[in-house]
Amino acid sequence: PSFLAAMSRWLCAFGYSIESYSSVMDFLTQRPKQAAGCVITDLSMPGMGGMDLQHALAQSGNPLPIIFLTGHGDIPASVEAMRNGAEDFLLKTAEKEAILDAVERALARDIFERHQRRHQRGLRQRFAPLTPRQSQVLTHVLRGELNKQIAVELGIDAGTVKRHRANLMKKLRVSTVAELARLAV
């Protein structure tokens, strides 16, 4: 608790907005679900530990970057944490600059990953209105097949393929196959 209080005061002194929690469970139940930022956690804590927190965050809809700051670090734990996506794994005796650098990297990562998730949600929303048949036609169009080839493959006439193709392009708000390919990628 005293290290938590000291670290919170120290980070506040550098202008960071801090929320402190006394346990992993408190954090998981009380944090705002779409909060931005990063998490600094110890490896060993009462109840659930830092690795449990890392796993829970990874499974959440808001996987905040995590920094381990621990007095009980060892090589296997640091390797596991980094393989599971930790931003950094530092000892509590680390230089203050190293901690601040890790926080800045984690915050930048959070901004980038939030942007990526928002972009992915937007793409899913654009593709969601496609019917199953339009999705099939889209797959063939992206392979570079002509309407006649698609018609033979799907067992429908070329005019129907043309209508599905026009409708899917309208729904996806693209006007060329090149735009469609960029969107799909």
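Please refer to the structure higher up on the page.
A brief structural summary.

Conventions we followed
- Residues numbered from 1 in each chain as written.
- Predicted model: local features only at pLDDT ≥ 70, side-chain atom pairs only at ≥ 80, totals over all residues.
- Heavy atoms only, no water.
- Pairing = 2+ DSSP bridges.
- Helix = DSSP H or I, 4+ residues; strand = E, 2+ residues; numbered from the N terminus.
- Axes fitted to C-alpha atoms, helices over the stretch in contact; angles between N-to-C directions.
- Contact = heavy atoms within 4.5 Å.
- Core = buried A, V, L, I, M, F, W, Y, C linked by side-chain atoms within 4.5 Å.
- Buried < 20%, exposed > 50% of the residue type's maximum accessible area, 1.4 Å probe, protein only.
- 1 Å grid on protein atoms, 1.4 Å probe; cavity = no way out; pocket = protein on both sides within 12 Å on 5 of 7 lines; lining within 4 Å.
- Points joined across faces, edges and corners; volume = space filled by probe spheres on them.
- Nonpolar A, V, L, I, M, F, W, Y, C, P; charged D, E, K, R; others polar.
- Arc of directions from axis to C-beta.
- Polar contact = N/O pair within 3.5 Å; in protein donor to acceptor, adjacent residues only side chain to side chain.
- Patch = residues over 30% accessible without salt bridge, like charges linked within 9 Å, V, L, I, M, F, W, Y side chains within 5 Å.
- Areas by Shrake-Rupley, 256 points an atom, 1.4 Å probe, with all protein chains shown as cover.
- Salt bridge = Lys/Arg side-chain N within 4 Å of Asp/Glu carboxyl O.
- Lys, Arg positive; Asp, Glu negative; His and termini not counted.
- Charge placed at Lys NZ, Arg CZ, Asp CG, Glu CD.
- Phe/Tyr/Trp six-rings, centres within 6.5 Å; stacked < 30°, edge-to-face > 60°.
- Lys NZ or Arg CZ within 6 Å of the ring centre and 35° of its normal.

**Thoughts on the sheet that holds strand β1 (residues 39-41)**
Then, in step 1: An order of β1-β2-β3 is seen for the three strands of this open sheet, with the pairing classed as parallel. Only two strands of the sheet have a single neighbouring strand rather than two, namely β1 and β3 (88-91). Across the sheet, the mean angle separating the axes of adjacent strands is 20° when strand polarity is ignored.
Then, in step 2: Pairing of strand β2 (residues 66-70) with β3, which is carried by four bridges, proceeds in the parallel orientation. Note that in β3 the partner of Thr-70 across the bridge is Leu-91.
Then, in step 3: Taken strand by strand, helix α3 (residues 50-59) contacts β1 and β2, and its axis lies near 175° from that of β2.

**Some words on the nonpolar core**
Then, in step 1: Grouped together as the largest cluster of nonpolar side chains are 16 residues, with contacts concentrated most on Phe-27, Val-39, Leu-53, Ile-66 and Phe-68.
Then, in step 2: Looking at this core, the elements with two or more residues in it are α2 (24-30), α3, β2 and α4 (75-83).
Then, in step 3: Among residues more than four places away in sequence, those in contact with Val-39 are Phe-27, Leu-53, Leu-57, Leu-64, Pro-65, Ile-66 and Ile-67.

**Describing the layout of surface pockets**
Then, in step 1: In this structure, the largest pocket spans a volume of roughly 1,000 Å³.
Then, in step 2: Residue lining of the largest pocket: 35 residues in total, with Leu-4, Glu-19, Ser-20, Tyr-21 and Ile-40 positioned closest to the centre.
Then, in step 3: Elements supplying a minimum of two residues to the lining of the largest pocket: α1 (2-13), α2, β1 and α5 (96-127).
Then, in step 4: Considering each element in turn, the lining of the largest pocket owes the most residues, five residues, to α1.
Then, in step 5: Tallied by class, the residues present in the lining of the largest pocket amount to 23 nonpolar, eight polar and four charged.

**Concerning α4**
Then, in step 1: Looking at α4, one finds that the buried residues are Ala-77, Ser-78 and Ala-81. End-on, the buried residues of α4 take up no more than an arc of 95°, which puts them together on one face. What points out from α4, more than 90 degrees from its buried face, is the exposed set Ile-75, Pro-76 and Arg-83.
Then, in step 2: A distance of 2.8 Å separates the backbone nitrogen of Ala-77 from a side-chain oxygen at the start of α4, and that oxygen is part of Asp-74.
Then, in step 3: Taken from the residues just after α4, Gly-85 is the one with a positive phi, measuring 100°.

**Some details on a negative patch on the surface**
Then, in step 1: Among the surface-exposed residues, Glu-95, Glu-97, Asp-101 and Glu-104 lie close enough to one another that they form a single negatively charged patch.
Then, in step 2: Along the chain, Glu-97 falls in helix α5.

**Focus on the packing of aromatic side chains**
Then, in step 1: All chains considered together, the criterion is met by three aromatic pairs.
Then, in step 2: The interplanar angle of 70° and the centroid separation of 5.1 Å between the aromatic rings of Trp-10 and Phe-14 together place this pair among those described as edge-to-face.
Then, in step 3: Taking the centre distance of 5.2 Å and the plane angle of 80° together, the rings of Tyr-21 and Phe-27 count as edge-to-face.
Then, in step 4: On the accessibility criterion, Phe-27 (10% relative accessible area) is buried.
Then, in step 5: Sitting over the ring of Phe-3, Lys-92 keeps its end group 4.6 Å from the ring centre.

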